[in-house]
Amino acid sequence: MTAPSAEAESRVMAKVKAVVGLIGDKESSERWEALARLRLYCEGASSSEELEAIGSKKTPTLKTLVDLLDEVVCSLGSRSPEERVLGDVLWLLECLLCSVTTNHKTFLKQPRAMPLMLEVLRRATDP
């Protein structure tokens, strides 16, 4: 099997950026579908290099997911659409961070990343 060409990789990353843009657009009717598409793409990634590219500082993926996590944490308990996607957001963050340690620095540079993750964990463990 041959490696994908630079042109093919560029097209894929353009699609990822477009999907991430929809996720970040609070007014988009395709927002939650885009989140599901990003999850499917990450599930189908054939290498850690692909996951690294999705979560790298060249794409706004991790920043967008942290922003969405902020929305989700603020809406917990309200049964809003944001609350229903918490599992997908956490799965994507786990996938992009656990599979590729080079994405950690990009994640940690997000100002609210760690406090939000701690808040999610705190709420998950509250009786």
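Attention here is on the structure that accompanies the text. Computed from a predicted model, the values in this text were never measured in an experiment.

### With respect to the nonpolar core
Most often, soluble globular proteins keep nonpolar side chains buried together rather than apart.
For step 1, the next point in the chain: With 32 residues, the main nonpolar core has L35, L38, C42, L51 and L69 as its most contacted residues.
For step 2, the next point in the chain: Elements with a minimum of two residues in this core: α1 (6–24), α2 (31–43), α3 (48–55), α4 (61–75), α6 (86–98) and α8 (113–125).
For step 3, the next point in the chain: Those residues in contact with C42 that sit more than four places away from it in its chain are L51, I54, W91, L92, C95 and L96.

### Considerations on the layout of surface pockets
For step 1, the next point in the chain: Of the volumes computed, that of the largest pocket is approximately 470 Å³.
For step 2, the next point in the chain: When residues of the lining of the largest pocket are traced back to their parent elements, those giving at least two are α1 and α3.
For step 3, the next point in the chain: Per element, the largest residue contribution to the lining of the largest pocket is five residues, and it comes from α1.

### Thoughts on the pattern of salt bridges
For step 1, the next point in the chain: Applying the stated criterion to the full structure yields eight salt bridges.
For step 2, the next point in the chain: For R39, the salt bridge goes to D88, with nearest N and O atoms at 2.9 Å. Of this pair, R39 sits in helix α2 while D88 sits in helix α6, and the two are 49 residues apart along the sequence.
For step 3, the next point in the chain: For D88, a relative accessible area of 24% gives the class partly exposed.
For step 4, the next point in the chain: With a closest N to O distance of 2.6 Å, R122 and E119 form a salt bridge. Placement of both R122 and E119 in helix α8 is noted, with a separation of three residues, approximately one turn of the helix.
For step 5, the next point in the chain: For R122, a relative accessible area of 40% translates into the label partly exposed.
For step 6, the next point in the chain: Residues participating in the shared-partner salt-bridge network are R39, E43 and D88.

### Side note on the packing of α2 against α6
For step 1, the next point in the chain: Close contact between α2 and α6 brings their axes to 10 Å; oriented N to C, the two are set at 35°. Here α2 runs over α6; the crossing is left-handed. Across from L35, L38, R39, C42 and E43 in α2, the residues of α6 making contact are G87, D88, V89, W91, L92, C95 and L96.
For step 2, the next point in the chain: Classifying every residue of the contact of α2 with α6 gives eight nonpolar, one polar and three charged.

Quick notes on the rules
- Within each chain, residues carry numbers counting from 1 in the order of the written sequence.
- This being a predicted model, a pLDDT of at least 70 is required before a residue's local features are given, and a value of 80 or more before pairs of side-chain atoms are given or counted; all residues contribute to the totals for chains, interfaces and linings.
- The side-chain figures draw on all heavy atoms in the structure; neither hydrogens nor water molecules are used.
- We call a set of buried Ala, Val, Leu, Ile, Met, Phe, Trp, Tyr and Cys residues a nonpolar core when their side-chain atoms join them within 4.5 Å.
- A simple rule labels every residue: compare its accessible area, found with a 1.4 Å probe on the protein chains alone, to the largest value its type can have, and call it buried under 20%, exposed over 50%, or partly exposed in between.
- For the purposes of this entry, the term helix denotes a DSSP run of H or I that reaches at least four residues, the term strand denotes a run of E that reaches at least two, and both are numbered from the N terminus.
- Contacts are residue-level and defined by heavy atoms, with any inter-residue pair within 4.5 Å sufficient.
- Detection works on a 1 Å grid of protein atoms alone, calling trapped sets that fit a 1.4 Å probe cavities and calling open sets with protein on both sides within 12 Å along at least five of seven lines pockets, with lining residues defined by an atom within 4 Å of a point.
- Grid points are joined across faces, edges and corners, and a volume is the space filled by probe spheres set on the points.
- The rule for a salt bridge is simple: a side-chain nitrogen of Lys or Arg has to be within 4 Å of a carboxyl oxygen of Asp or Glu.
- Comment: axis = line fitted to C-alpha atoms, over the contacting stretch for helices; angle = value between 0 and 180 degrees taken between N-to-C directions.
- Each crossing gets its handedness from the near helix: less than a right angle anticlockwise from the far helix is left-handed, clockwise is right-handed.
- In this count, Pro and Cys sit with the nonpolar residues alongside Ala, Val, Leu, Ile, Met, Phe, Trp and Tyr, while Asp, Glu, Lys and Arg are called charged and the others, Gly among them, polar.

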